[in-house]
Amino acid sequence: MAIRTRFAPSPTGYMHIGNLRTALYAYLVAKKDPNGVFILRIEDTDQGRLVEGATAIIYETLKACNLKHDEGPDVGGQYGSYVQSERVKSGIYMKYAKELIAKGGAHYCFCDEDMINAQRELQEARGESFKYDDPCKLLTPAECEARIAKGDAFVIRQTIPSEGTTSFDDEVFGHITVENETLDEQILIKSDGFPTYNFANVIDDHMMGITDVVRGMEYLSSTPKYNLIYDAFDWDIPRYIHCPPVMKDEHNKLSKRNGDASFQDLVAKGYLPEAILNYIALLGWSPSEDREIFTLEELVQAFDVKHIGTSGAIFDPEKLKWINGMWLRAMDLDAYYNLTKPYIDQAVKGDFDKKAIAKVVQQRADTLNDIAPMLGFFDTFPAYDNSLYINKKMKTNPEVALSSLKECRKALEEQTDWSETALHETLLGLPAKLGVKNGIILFPLRLAISGMQFTPGGAIEIANILGKDETLRRLDLSIKQLENA
């Protein structure tokens, strides 16, 4: 049987990084099988939490990350509808809930919230954990039908055996056994007729032929209850892959409420979708080989659920930035230029070779948003302090810089070929001619024509982009500034 996985988000807002990692792992598990199928299912049964536009964010995120689903609301498939609220209208969940009642795995509950809260208070007063002991379990089928016919409001609850244990195997956490008496009898069908997630996901996974369930470890405690439903129907239980959480630090999970970045936030901050996907693959999973940069196709080949850890993985913004920088630097220049031109245009309005600027920026910018702040000096020669010429490593100071700049001025004034290659030959010839190290010439020159302590390119690259007239003009201003001091 081909592997079938699903990504089943609720459209309740932005795309959380943990959600996206679940989608990625589900995709990788499916695509590891040449015939594997990756399904998108929208779980919108919690109508009160739906956010307008959230479904569009799901589609846009998967598309941006190239996580193409084989079946889903927008592409169809033989197991549709792939939107749970539409499946409710067909009566699927109520049909199975009634079958589960007939099999002894569920029951009608007519108790109101006041009764439930009273029992909660009583148990908590005794120092016990709350576990609802539903008196409606004692009603006969005829009594239930009579109350329904009378119009009494009801929910359908799962019926849990009071004795024994339930066990299951998880690919990450191993064999798990729980005492049935510790499991609460969860609501399966709400009073509005909508199923809860805890019921709908079991029914849909079975009906859609899901073989491998990939989800967060917060569902580990609910899995025994899901398995009791599978067993009651005599259905095959899928393979479980529960993933550890993505953490902000050792004690807190990532949360939008706390200002932590979503996928959309990271893209807006200048990160590539490919780099984000690459990084989150490593949050909780360790490749067997010693490498960290993977394309999506390479992740499909390398991914193994046995290498998913059990501990929460801490989201490290600096590691993400490093991976993003590696992706940017690995691009060919034409692709990089096309990607970064809007960011360069934002900062550089003058008539400069933008592709040459892209070339020098590529080796230094770790995010797309790093680019514009680096480039303001091309249009406007900024004021700067002569103390910037003091550099112990380069063995320079204002006096040494003045001497070096005058030598550079003479050499560059005579320069007829202003190509980068010719400038390289001239400016690297000066230190040899004067008997000094390269830094004594190039460090002051870079500062003198940029006015910046840090620049995306060296003196030769910047001079080439500025052109001869502008380079000499800035040199003259810097030499005068040093002489006046």
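Residues numbered from 1 in each chain as written. Predicted model: local features only at pLDDT ≥ 70, side-chain atom pairs only at ≥ 80, totals over all residues. Heavy atoms only, no water.

1. Quick notes on the packing of helix H16 (residues 398–413) against helix H18 (residues 438–450)
Packed helices, taken two at a time, are described by the angle between their axes plus the distance between the axes. In the contact formed by H16 and H18, the axes pass within 9 Å of each other and the chain directions differ by 85 degrees. It follows from the interaxial angle that H16 and H18 lie roughly perpendicular. Along its contact with H16, which presents Val-400, Ala-401, Ser-404, Leu-405 and Cys-408, the element H18 presents Ile-440, Ile-441, Pro-444, Leu-445 and Ala-448. Each residue belonging to the contact of H16 with H18 can be placed in one class, and the counts come to nine nonpolar, one polar and no charged. (Axes fitted to C-alpha atoms, helices over the stretch in contact; angles between N-to-C directions. Helix = DSSP H or I, 4+ residues; strand = E, 2+ residues; numbered from the N terminus. Parallel < 35°, antiparallel > 145°, perpendicular 65-115°, else oblique. Contact = heavy atoms within 4.5 Å. Nonpolar A, V, L, I, M, F, W, Y, C, P; charged D, E, K, R; others polar.)

2. So, the layout of surface pockets
Here the largest pocket defines a volume of roughly 1,300 Å³. Around the largest pocket, the lining is made up of 42 residues, and of these Thr-12, Asn-19, Arg-49, Glu-218 and Tyr-219 lie nearest the centre. Elements with a minimum of two residues in the lining of the largest pocket: strand S1 (4–7), helix H1 (17–31), helix H7 (197–207) and strand S8 (212–216). Looking at which element gives the most residues to the lining of the largest pocket, the answer is H1, with four residues. For the lining of the largest pocket, a count of residues per class yields 16 nonpolar, 14 polar and twelve charged. (1 Å grid on protein atoms, 1.4 Å probe; cavity = no way out; pocket = protein on both sides within 12 Å on 5 of 7 lines; lining within 4 Å. Points joined across faces, edges and corners; volume = space filled by probe spheres on them.)

3. A closer look at H16
For H16, built from 16 residues, the straight-helix expectation of 22 Å at 1.5 Å per residue is met to within 8% by its first-to-last C-alpha distance of 22 Å. Among the residues of H16, Ala-401, Leu-402, Ser-404, Leu-405, Cys-408, Arg-409, Ala-411 and Leu-412 are the ones counted as buried. Among the structural elements, helix H17 (420–434), H18 and helix H20 (468–484) are those in contact with the buried residues of H16. The opening residue of H16, the one whose side-chain oxygen lies 3.0 Å from the backbone nitrogen of Glu-399, is Asn-397. (Expected span 1.5 Å × (residues − 1). Buried < 20%, exposed > 50% of the residue type's maximum accessible area, 1.4 Å probe, protein only. Polar contact = N/O pair within 3.5 Å; in protein donor to acceptor, adjacent residues only side chain to side chain.)

4. A word on the pattern of salt bridges
Taken as a whole, this structure holds 31 salt bridges when the rule is applied. Between Asp-204 and Arg-41 there is a salt bridge; the shortest N-O distance is 3.8 Å. Taken as a pair, Asp-204 in helix H7 and Arg-41 in the loop between strand S2 (37–40) and helix H2 (54–64) lie far apart in primary sequence, 163 residues in all. Asp-204 gets classed as buried once you look at its relative accessible area, which sits at 0%. (Salt bridge = Lys/Arg side-chain N within 4 Å of Asp/Glu carboxyl O.)

5. Overview of the packing of aromatic side chains
The tally for this structure, following the rule as stated, stands at 18 aromatic pairs. Members of the aromatic cluster, connected to one another through ring pairs, are Tyr-25, Trp-285, Phe-294 and Phe-303. The ring of Tyr-96 has Lys-95 sitting right over it, with the charged end atom 4.1 Å from the ring centre. Sitting over the face of the ring of Phe-294, Arg-291 holds its NZ or CZ atom 4.2 Å from the ring centroid. (Phe/Tyr/Trp six-rings, centres within 6.5 Å; stacked < 30°, edge-to-face > 60°. Lys NZ or Arg CZ within 6 Å of the ring centre and 35° of its normal.)

6. Section: the pairing of strand S5 (residues 165–170)
Burial of S5 is one-sided: the residues Thr-166, Phe-168 and Asp-170 facing one way are buried, the residues Thr-165, Ser-167 and Asp-169 facing the other way are not. Relative to strand S6 (residues 174–179), S5 runs antiparallel, the two being bridged by six bridges. By the bridge assignment for S6, Thr-166 is matched with Val-178. Hairpin connection between S5 and S6: a loop of three residues separates the two successive antiparallel strands. (Pairing = 2+ DSSP bridges.)

7. Quick notes on the packing of helix H10 (residues 273–281) against helix H12 (residues 317–330)
One can describe the packing of H10 onto H12 by two numbers: an axis separation of 9 Å at closest approach and a directional angle of 130 degrees. The angle between H10 and H12 places the two elements in the oblique class. The handedness of the crossing between H10 and H12 is right-handed. The segment H10 lies against H12, with Glu-274, Ala-275, Ile-276, Asn-278 and Tyr-279 engaging Lys-319, Leu-320, Ile-323, Asn-324 and Trp-327. When grouped by side-chain class, the residues that make up the contact of H10 with H12 number six nonpolar, two polar and two charged. (Left-handed = near helix turned anticlockwise from the far one by under 90°.)

8. What to know about the pairing of S1
Judged by which residues are buried, S1 turns out to be covered on both faces: Arg-4 and Arg-6 on one side and Thr-5 and Phe-7 on the other are all buried. Inspection of the sheet shows S1 paired to S2 by four bridges, in the parallel sense. Paired with Phe-7 across the bridge in S2 is Leu-40. Handedness of the crossover joining S1 and S2 through H1: right-handed. (Right-handed = clockwise from strand over helix to strand, strands pointing away.)

9. Points about the environment of Ser-286
Here Ser-286 lies in the loop between H10 and helix H11 (296–302). For Ser-286, a relative accessible area of 46% corresponds to the partly exposed category. In the structure, Ser-286 is positioned 18 residues away from Asp-304 in sequence and 8.8 Å away in space, judged by C-alpha atoms.

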